[in-house]
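# Architecture at a glance
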Amino acid sequence: MESRTPPTPATLGVIRAQPPIAIEAGRDRDVSDVSHEFRLANGRLARRLRQEKAENELGSGQFSALGVLYLHGPLTLTELSEFERVTPPSMTRTVKCLVDAGLVTRTDSTLDGRKIVLSTTDAAAEIMTETRKRRDAWLVLRVAQLSPEQRSTLADATVIMKELADS
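So, a few notes on the structure that sits alongside this text.

Summing up its helical and strand segments, the chain has 7 helices and 5 strands in all. When each of the 167 residues of the chain is scored for burial, the buried share is 24%. Taking all contacts inside the chain whose residues are at least 6 apart in sequence as the whole, residues at least 24 apart take part in 48%. Accessible area of the chain: about 11900 Å², with a carbon and sulfur share of 57%.

So, about the pattern of salt bridges. Any two side chains of opposite charge can pair, given that their charged atoms come close. Evaluated as defined, the whole model comprises 3 salt bridges. Its salt-bridge partner being E52, residue R48 comes within 2.9 Å of it at the nearest N-O pair. For E130, the salt bridge is made with R134, and the minimal N-O distance between the two is 2.8 Å. Placement of the pair is E130 and R134 together in helix 6 (residues 122-144), with a separation of 4 residues, close to one helical turn. Of the residues examined, E130 reaches a relative accessible area of 31% and is grouped as partly exposed. Judged by its relative accessible area of 30%, R134 is partly exposed.

With that settled, the discussion passes to a nonpolar patch on the surface. Taken together, the side chains of F38, I160, M161 and L164 make up a nonpolar region of the molecular surface, amounting to roughly 350 Å² of accessible area. Looking at the nonpolar patch, the element that brings in the most residues is helix 7 (residues 148-166), giving 3 residues. As for its position among the elements, M161 is in helix 7. Classification of M161 by relative accessible area gives partly exposed; the value is 31%.

All right, on to the nonpolar core then. In summary, soluble globular proteins display a tendency toward joint burial of nonpolar side chains. With 19 residues, the main nonpolar core has L66, L80, L98 and L103 as its most contacted residues. Among the elements of the structure, helix 3 (60-72), helix 5 (88-100) and helix 6 are those that each provide at least two residues to this core. Counting residues per element, this core draws most heavily on helix 3, at 5 residues. Excluding residues that lie within four positions of it along the chain, L80 makes contacts with A65, V68, L69, L75, M91, V95 and L118.

Let us now look at the environment of W138. Counting through the fold element by element, W138 comes out in helix 6. Sequence separation between W138 and R48 is 90 residues; the distance between their C-alpha atoms is 9.6 Å.

Each value, and the rule that gives it
Residues numbered from 1 in each chain as written. Predicted model: local features only at pLDDT ≥ 70, side-chain atom pairs only at ≥ 80, totals over all residues. Heavy atoms only, no water. Helix = DSSP H or I, 4+ residues; strand = E, 2+ residues; numbered from the N terminus. Buried < 20%, exposed > 50% of the residue type's maximum accessible area, 1.4 Å probe, protein only. Contact = heavy atoms within 4.5 Å. Areas by Shrake-Rupley, 256 points an atom, 1.4 Å probe, with all protein chains shown as cover. Salt bridge = Lys/Arg side-chain N within 4 Å of Asp/Glu carboxyl O. Patch = residues over 30% accessible without salt bridge, like charges linked within 9 Å, V, L, I, M, F, W, Y side chains within 5 Å. Core = buried A, V, L, I, M, F, W, Y, C linked by side-chain atoms within 4.5 Å.

Right, here's the structure in full:
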């Protein structure tokens, strides 16, 4: 489970003190309004994309951890926990479910015998590939309906979103 510190009134005051930025032609919004609207839209899009997945019984946390292992290759439990920004005990429970489902294997580290390395199985690769195909197909249809200007704006926003996610 992701652990986040709730914003304090002082933090919110700092956010609200930022200069206004243009979000729509002829309409200025302050940073907190833009942040709020962006968070809501991003959450709705993420929920919609999560609906487009391979048929399986994985929860969102399990699927996310599996995706990290699939994309980044073998990792230790600590490394996986850091990627997912969850505590190692929480990740231990997630990994146990993935191992029990035959989607992740545990092997001894060749560098440090005290560590266990987690890797995905062929079954996990099938799930990830099918999910990627479904999500990409859904999104391609929607992006194709945008104007060239909207697609350009979306490409620019994607760079910014990656920066926000990596911060």
